[in-house]
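Chain by chain, the residues:
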Protein chains: 2
Amino acid sequence: VNVITSSRNPTLLAVRKLGRAPARAGQRRFLLEGAQGIRAALDASAPVATLLATPAAAARHRRLLDDAGAAGAEVLLVAERVLHGLAQTVTPQGLVAVVPSVVRGLDALPAAPRLVAVLTEVRDPGNAGTVLRAADAFGADAVATTAGSVDPESPKAVRASAGSLFHLAVLAGVAWPDLAGALAGRGVALVGADPHARDSVDAAPLEGPTAVVLGNEAHGLGADVRRDLDHLVRLPTRGRAESLNLAAAAAVLLWEAARRQRVAVPLRGEAVVG
Amino acid sequence: VNVITSSRNPTLLAVRKLGRAPARAGQRRFLLEGAQGIRAALDASAPVATLLATPAAAARHRRLLDDAGAAGAEVLLVAERVLHGLAQTVTPQGLVAVVPSVVRGLDALPAAPRLVAVLTEVRDPGNAGTVLRAADAFGADAVATTAGSVDPESPKAVRASAGSLFHLAVLAGVAWPDLAGALAGRGVALVGADPHARDSVDAAPLEGPTAVVLGNEAHGLGADVRRDLDHLVRLPTRGRAESLNLAAAAAVLLWEAARRQRVAVPLRGEAVVG
């Protein structure tokens, strides 16, 4: 078996470019690092175009490589120093996959969503990935980022999402007015998060179909977004923390909506207690 | 006013060492970067030993420098390239303070805590700081890290805590058996988080005094910790996410405990709705 030892290899040159947003948009592909994310892609029957592995990682993850090959991926061995130069993470696991983009436009919004997370002007890729992971955990039907938000397929977002990118509908770069209209048309209440809101989330009706709408890390929700919201809520806090970290606030709001919906309509035989 | 332009300045050499844990332990001081954190320290009447500012930051934050000086801090102007070499953050704001350590030992545990967050073997400083911030927001009385966990005064943890370090009792490096004994002696239920637990958090009694106990990012709670827990709970998830990010799970558990305690005993006239 040949091992690629040159960082000038044409395949690797194309792959390296995927660290940047314009190349991702142009190639309609993104990078997926580590065994957990690649396994999530295979489990979700997402196509994997290319799987690059160091010889050591190939030996450790024989089954993953076999499964990727069986699913149609081109599997290539790459020398460790070359792959590490390519990987975006600080501690790469010796596995990098090239995967066709999974984000979609507004047409991918489910017909009757119960729970949606919306990121408007969110800039930190780690926050975007963490919200995606929480949305997946709490059973959201979709996550949508509006134009101006970070790319959910950027390497840091992909890593933080820990495979959740493959588990639910992810809409990216959607225009807010179109998204707001589509959600309203489906009977989904638009609930914005703002630490200075008058109303506590305790008083907000989250039992029905709900979209949790989050704004920029520094500036919060824009005026254009606020105008279209059905409710603006804060998490009642007792401490002196100025506000929660965006991803933590999103996780709590998604949890709270899912919890109330679970109480209203038990799912999968989950025990229901107050 | 003199501006320090040499990175060999003795004060700066001592400050630079505070990026590392042994120097923090030896000097019993830590670094606090940015206006928000420094303001939180001053507002909490925490002593600030030294405040380093670039000339540009000093002009922007005149009031902060005056307040720090009035509170007894030595205020020094430092050339921008020198201060940026010192700062740990990617986008320093031109403000770095040296602050006496605020973490304490087991004797700082409040007499009758209602809500405590415990980090055992948590390694990521960003996670530790984010949990601190959420604990503060949701009115926890204390955060404790056990021996083997990350230092809550490491630069990344301090930055993620966004000033919350000054808002509640922070115990660091405590031996787990001692902490568990002290909490149990105060009537605090020890509730550990584990995505594979049999019991859902819905069924756990969080209405009374509660300590939310979190384990290592990769390996979860250790056997020694599990042995002493009163309850082991998971967050009921509907999606396929393997588990939530540690900080997100901690935020939700702290929220859930605070919510139930709020329903049981309304605080500060907060509106109470289911």
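Conventions and cut-offs
- Residues numbered from 1 in each chain as written.
- Chains lettered and ligands numbered in written order.
- Predicted model: local features only at pLDDT ≥ 70, side-chain atom pairs only at ≥ 80, totals over all residues.
- Heavy atoms only, no water.
- Pairing = 2+ DSSP bridges.
- Helix = DSSP H or I, 4+ residues; strand = E, 2+ residues; numbered from the N terminus.
- Contact = heavy atoms within 4.5 Å.
- Axes fitted to C-alpha atoms, helices over the stretch in contact; angles between N-to-C directions.
- Buried < 20%, exposed > 50% of the residue type's maximum accessible area, 1.4 Å probe, protein only.
- Arc of directions from axis to C-beta.
- Salt bridge = Lys/Arg side-chain N within 4 Å of Asp/Glu carboxyl O.

J.: Hey, could you go over the sheet that holds strand β3 (residues 50-53) of chain A for me, with residue numbers and the actual values?
T.: All names here are of chain A. The strand order across the open sheet built from 5 strands is β1-β4-β3-β5-β2, with neighbouring strands paired in mixed fashion. The two strands at the open ends of the sheet, each matched to only one other strand, are β1 (3-4) and β2 (29-33). Sheet topology places β1 next to strand β4 (residues 74-78); 2 bridges connect them, and they run parallel. Each residue of the ladder has a partner; that of Ile-4, found in β4, is Val-78. Against the sheet, helix α5 (residues 62-70) touches β3, β4 and β5 (95-100), its axis set at about 160 degrees to β3.

J.: Can you explain α5(A)? Please cite residues and give values.
T.: Residues and elements named next belong to chain A. Among the residues of α5, those classed as buried are Leu-64, Leu-65 and Ala-68. Viewed along the axis of α5, the buried residues span an arc of 95 degrees, placing them on a single side of the element. Counted as exposed and oriented over 90 degrees from the buried face of α5: Arg-63 and Ala-70. Where α5 terminates, the next one or two residues include Gly-72, which has phi positive at roughly 105 degrees.

J.: Quick one: what's the story with the environment of Ala14(B), residue by residue and with numbers?
T.: By the element assignment, Ala14(B) lies in helix α1 (residues 10-16). Overall, the relative accessible area of 25% leaves Ala14(B) in the partly exposed class.

J.: Describe the side chain of Arg260(B), listing the residues and the values that go with them.
T.: Assignment of secondary structure puts Arg260(B) in helix α11 (residues 246-264). Those residues in contact with Arg260(B) that sit more than four places away from it in its chain are Val201(B), Asp202(B), Ala204(B), Leu206(B) and Glu207(B).

J.: Describe the pattern of salt bridges, listing the residues and the values that go with them.
T.: Side-chain pairs of opposite charge can arise where the charged atoms are in close proximity. According to the stated counting rule, one finds 26 salt bridges over all chains in the structure shown. One salt bridge connects Asp194(B) with Arg226(B), and the closest N-O pair in it is separated by 3.0 Å. Of this pair, Asp194(B) sits in the loop between β9 (189-193) and β10 (199-200) while Arg226(B) is found in helix α10 (residues 223-228), placing the two residues 32 residues apart along the sequence. Taking the relative accessible area as the measure of exposure, Asp194(B) reaches 10% and is therefore buried. A network of salt bridges, in which partner residues are shared, links Glu207(A), Glu256(A), Arg259(A), Arg260(A), Glu207(B), Glu256(B), Arg259(B) and Arg260(B).

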